[in-house]
Amino acid sequence: MGVLPKINIVARQLRKCSMAATSSSPVTATSSDSSFASTAFVQEHVKQMQSDIMDQLIPQDATGAVENLADLNVTSNLGRMTHYYFQQGGKMLRPTVSLLMGNACNSATNRSISDDLLAVPSSDRSGIATHLTVCQNQYKIGMIAEMIHTASLVHDDVIDEANTRRGSASVNAVWGNKMSVLVGDFILARATQILCSIGKPNVISVMASIIEDLVLGEFMQMSATPSEATPQQRMNAYIEKTHRKTASLFASSCRSTAILADPNNLNLHQTAYEYGRNLGIAFQLADDLLDFIATSDEMGKPVAADLKLGLATAPVLYASQQYPELITMLLRKFKHEGDAEKAREIVVNSDGMDKTRQLIDAYSQKAIEMASSLPNRNESTEQLIKLALSQSDRKF
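None of these values were measured; they are calculated from a predicted model.

(A) How the structure looks around the confidence of the model for the chain. Here the chain averages 78 in pLDDT, while 74% of its residues score no lower than 70. Looking over the chain, one finds the lowest element-wise mean pLDDT in helix 1 (residues 3-21), namely 35, and the highest in helix 16 (residues 352-372), namely 97. Counting contacts from residues 1-37, a segment whose pLDDT is below 50, to residues more than four positions away or on other chains yields 56 contacts.

(B) Here's a closer look at the nonpolar core. If you look at the biggest cluster of nonpolar residues, it comprises 64 residues, and the most contacted ones within it are Val-97, Met-101, Ile-144, Ile-148, Tyr-275 and Leu-384. Among the elements that line this core, the one with the most residues is helix 5 (residues 136-160), at ten residues. Non-local contacts of Ile-144, meaning those with residues more than four positions away in its chain, are made with Ala-191, Ile-194, Leu-195, Ile-198 and Met-207. Met-235, Leu-289, Phe-292 and Ala-314 belong to the second largest nonpolar core, which has 28 residues in total.

(C) Structural detail: helix 8 (residues 201-222). With 22 residues, helix 8 ought to run about 32 Å at 1.5 Å a step, and its terminal C-alpha atoms sit 32 Å apart, in line with that. Listed as buried for helix 8 are Val-203, Val-206, Met-207, Ile-210, Asp-213, Leu-214, Gly-217, Glu-218 and Gln-221. One side of helix 8 carries all its buried residues, which in axial view fall inside an arc of 130°. Helix 8 presents Pro-201, Glu-212, Phe-219 and Met-222 as exposed residues on the side facing more than 90 degrees away from its buried surface. Its buried side turned inward, helix 8 meets helix 5, helix 7 (177-198) and helix 9 (231-261).

(D) View of the packing of helix 9 against helix 13 (residues 314-322). Relative to each other, helix 9 and helix 13 sit at 180°, their axes nearing to 10 Å. The angle between helix 9 and helix 13 places the two elements in the roughly antiparallel class. Here Pro-231, Arg-234, Met-235 and Tyr-238 of helix 9 come into contact with helix 13, specifically with Ala-314, Leu-317, Tyr-318 and Gln-321. Residue classes in the contact of helix 9 with helix 13 are distributed as six nonpolar, one polar and one charged.

(E) Broad picture of the pattern of salt bridges. Throughout the structure, instances matching the rule amount to eight salt bridges. The closest approach of N and O atoms between Glu-240 and Arg-244, which form a salt bridge, is 2.9 Å. Taken together, the residues Glu-240 and Arg-244, both in helix 9 and four residues apart, mark about one turn of the helix. Given the relative accessible area of 29%, Glu-240 is considered partly exposed. With a closest N to O distance of 2.6 Å, Arg-394 and Asp-287 form a salt bridge. Of this pair, Arg-394 sits in the segment after helix 17 (379-390) while Asp-287 sits in helix 10 (residues 266-293); the two residues are 107 residues apart in sequence, bridging distant segments of the chain.

Each value, and the rule that gives it
- Residues numbered from 1 in each chain as written.
- Predicted model: local features only at pLDDT ≥ 70, side-chain atom pairs only at ≥ 80, totals over all residues.
- Heavy atoms only, no water.
- pLDDT = per-residue confidence, 0-100.
- Helix = DSSP H or I, 4+ residues; strand = E, 2+ residues; numbered from the N terminus.
- Contact = heavy atoms within 4.5 Å.
- Core = buried A, V, L, I, M, F, W, Y, C linked by side-chain atoms within 4.5 Å.
- Buried < 20%, exposed > 50% of the residue type's maximum accessible area, 1.4 Å probe, protein only.
- Expected span 1.5 Å × (residues − 1).
- Arc of directions from axis to C-beta.
- Axes fitted to C-alpha atoms, helices over the stretch in contact; angles between N-to-C directions.
- Parallel < 35°, antiparallel > 145°, perpendicular 65-115°, else oblique.
- Nonpolar A, V, L, I, M, F, W, Y, C, P; charged D, E, K, R; others polar.
- Salt bridge = Lys/Arg side-chain N within 4 Å of Asp/Glu carboxyl O.

Shown next, in the form of structure tokens:
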């Protein structure tokens, strides 16, 4: 079943629920009601999105049969590998942000429920109902964002020779590097097909730029910063790499949902983009911090993994300002036994941890400012603000 038929079925089902709910008298929701409604809205859409993504990763014709029985073995292998990865579960943060931003921008432009909108009614225990909507193309942006993210993780595990992901054996550990690269490519190919079905050249261009940024960011990570670089130059390079590898996906997805809400409102597009960029950088900074303070079980992967790969993240860069020998240890890739553990102890006992927390707060605050500057405040706007605030005390 193709992308459009599948999503259209979801739209019809959700619209029936919406029509039934709107037959009652409207009531203005309080702030606590808004939080409940927004949470239900995201959960409903994300749950359906997980199912839709899985369906897109097995080629089928209109009857639901495999497109080409001669390719059954290939299809089965791809299906097993992609399902193995997606069934491990993830935060689904990127589609969540996309859906929230889409609804926030729709509210800002006063879009009403129409044929291209998916509506999820939700109510609290008192029966107060609110209606949060995203259009079908905004829903697709969430799907595409998660698929690009997943493909990048599959490829990253190959590059980093990682054996675990989300607490289980990585795809490359089970099936090998060659098959894993192909699976990552396959997921990207499917994401591209969904992207093309949107039929909006400006949105397609924005989302396509994510893949370019991912590649450039990976090259930046693999390229050593010159030994003579100043601490500020190293930090600037790290933030730029973080933007390309992590934040670009958040930023461009948010911009795309804003374009779909109001194609001509350039200020809205930029505000959405800046929210995503700042949230994405804060998110990665929090990940880098957790790499030193969380357990392997909490992270779903070995701790201090980036440090052992010789990568200088924010805590390391700040710590190296106190202890310059850290840079030397990184440049020689921990050739001496015990170097990696020694480096970790230096970082943990330095002021690099506190400075990283301060940097997380700074980027989170910028994201909050962007969400707060959206034309209308609604449930989704409040959730976007809460997401930014939560980066400072994330546990996993």
